[in-house]
Amino acid sequence: MDTPIFGQQNRSNGGPPPASDLVKDTDARRFMADVIEASRRQPVIVDFWAPWCGPCKQLTPLLEKIVRQANGKVKLVKINVDENQQIAAQMRIQSIPAVFAFVDGQPVDGFMGALPEGQIKQFIDRLGSQGSVAEELEQGVAEGRTALAAKDYATAAQIFAQVLQADREHAGAIAGLAKTQIETGDLARAKATLALVPPGRANDPEIVSARTALELAETPVDQSGISTHQHAIETDPDNHQARFDLALALNAAGRREEALDHLLHIVRRKRDWNEEAARKQLVKLFEAWGPKDELTIQGRRKLSSILFS
């Protein structure tokens, strides 16, 4: 990925707005700038309302809440139809609340009346995925993961940090930066990075993965015993404790596939050994490796095959 990326680029095109600018009121004079031009950078939702409208009082707070939770992927612009009748007429507003979504200067979606929170969230999620800024950030995170997998930690950290300059609550970037810091042994900084996670993203699979990776890193494993454990299971293949300890040491040494095979062997031979310690450790490793990791996918498939055969 060429550098600099998000830092300079977003200064030139406006980038995601600060949190205070995600929700705003506008009028006929500012409509072109606040809606049409702004939607060329990111999707803009326009909420047509009036003070006397009962359903508007239910819908607008939900829109504001979910837009803020979207962390800059969309903006919300509110228009009082009593004060801006010309715009309402141009948009052919016949009843309110009326909501329109603009992308690249054009209305692309919308709905009339108040909707349940779940449907509003689906509407905003669908719209947010259309924004060029959102796509750019996701591409950046993907390239950061590639650099991390290649052990190019400096590049990975730079990319994730630049994504966070644009969206400070991006779960993928927070998790990626934390994992980069874990790989370089900076556990204190990784912990500080994960403290940036907003409450609503705490259960995001990537955040869970980073937290579990940090937990494993904070429990160091003595890798010097690998040969000892290997000799023990060669002598007694059913020495599950030695095999379990070997798996932990191999994973700590970066030999993940071997670790996976030994834990699966224990589950296959004696699933309930030590209160299912091997299965539980596999689940923890899958979390730490992440749901999209190739070994996680293979390991889960093999584990399911053993458990349900």
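As the structure is a computational prediction, the values presented were derived from the model and not from experiment.

**Description of the state of the cysteines**
Disulfides are covalent bonds that connect the sulfur atoms of two cysteines. In this structure the tally under the stated criterion is one disulfide. The disulfide partner of C53 is C56, and the gap between their sulfur atoms is 2.3 Å. The sign of the 85° torsion about the S-S bond sets the C53-C56 disulfide as right-handed. Relative accessible area serves as the criterion here: at 2%, C56 is assigned to the buried category.

**Section: unusual backbone geometry**
Cis peptide bonds are those with omega within 30 degrees of zero, and the linkage from I96 to P97 qualifies with 5°. Mapped onto the fold, P97 is located in the loop between helix 4 (85–90) and strand 4 (98–103). The backbone of E275 sits at a positive phi, close to 55°, despite the residue not being glycine. Summarising the element assignment, E275 is placed in the loop between helix 13 (256–269) and helix 14 (277–289). Even without glycine at this site, E276 takes up a positive phi of about 60°.

**Some thoughts on the sheet that holds strand 1 (residues 23–25)**
The five strands are arranged 1-3-2-4-5 in an open sheet whose pairing can be described as mixed. At either end of the open sheet lies a strand with only one pairing partner, and these are strand 1 and strand 5 (106–112). The average undirected angle you get between the axes of adjacent strands in this sheet is 25°.

**Quick word on helix 3 (residues 54–69)**
Given a rise of 1.5 Å per residue, 16 residues ought to cover 22 Å, and the 24 Å separating the end C-alpha atoms of helix 3 matches this to within 8%. Turning to helix 3, its buried residues number three or more, namely C56, L59, T60, L63, E64, I66 and V67. N71 sits one or two positions beyond helix 3 and adopts a positive phi of about 55°.

**Some thoughts on the pairing of strand 4**
In terms of burial, strand 4 is largely enclosed, as six of its six residues are buried. Both faces of strand 4 are covered, namely the face carrying A98, F100 and F102 and the face carrying V99, A101 and V103. Note that strand 2 (residues 44–49) and strand 4 share five bridges and pair antiparallel. The partner of F48 across the bridge, within strand 4, is A98. Pairing analysis gives six bridges linking strand 4 to strand 5, with the strands arranged antiparallel. Bridge pairing in strand 5 places F100 opposite G110. Connecting strand 4 to the antiparallel partner strand 5 that follows it, the hairpin turn spans two residues, and D104 within it adopts a positive phi of roughly 55°.

**Regarding the nonpolar core**
The tendency in soluble globular proteins is for nonpolar side chains to be buried side by side. Ranked by internal contacts, the top residues of the largest apolar core, which has 48 residues, are L194, L260, L263, L282 and W289. Each residue touching L260, except ones within four places of it in the same chain, is listed here: L282, F286, W289, L295 and G299. Membership of the second largest hydrophobic core comes to 21 residues, among which are V44, A98, F100 and F102.

**Points about the environment of A154**
Tracing the chain through its elements places A154 in helix 7 (residues 153–166). As a C-alpha pair, A154 and T180 span 26 residues in sequence and 8.5 Å in three-dimensional space.

**Re the packing of helix 9 (residues 187–194) against helix 10 (residues 205–217)**
Across the interface, helix 9 lies against helix 10 with an axial gap of 11 Å and an inter-helix angle of 155°. Taken together, the axes of helix 9 and helix 10 are roughly antiparallel relative to one another. Helix 9 and helix 10 meet at a crossing whose hand is left-handed. Of helix 10, the residues touching helix 9 (which contributes L187, A190, K191 and L194) are A210, R211, L214 and A217. Classifying every residue of the contact of helix 9 with helix 10 gives six nonpolar, no polar and two charged.

Reading the values: the criteria
- Residues numbered from 1 in each chain as written.
- Predicted model: local features only at pLDDT ≥ 70, side-chain atom pairs only at ≥ 80, totals over all residues.
- Heavy atoms only, no water.
- Disulfide = S-S within 2.5 Å.
- Buried < 20%, exposed > 50% of the residue type's maximum accessible area, 1.4 Å probe, protein only.
- Helix = DSSP H or I, 4+ residues; strand = E, 2+ residues; numbered from the N terminus.
- Pairing = 2+ DSSP bridges.
- Axes fitted to C-alpha atoms, helices over the stretch in contact; angles between N-to-C directions.
- Expected span 1.5 Å × (residues − 1).
- Core = buried A, V, L, I, M, F, W, Y, C linked by side-chain atoms within 4.5 Å.
- Contact = heavy atoms within 4.5 Å.
- Parallel < 35°, antiparallel > 145°, perpendicular 65-115°, else oblique.
- Left-handed = near helix turned anticlockwise from the far one by under 90°.
- Nonpolar A, V, L, I, M, F, W, Y, C, P; charged D, E, K, R; others polar.

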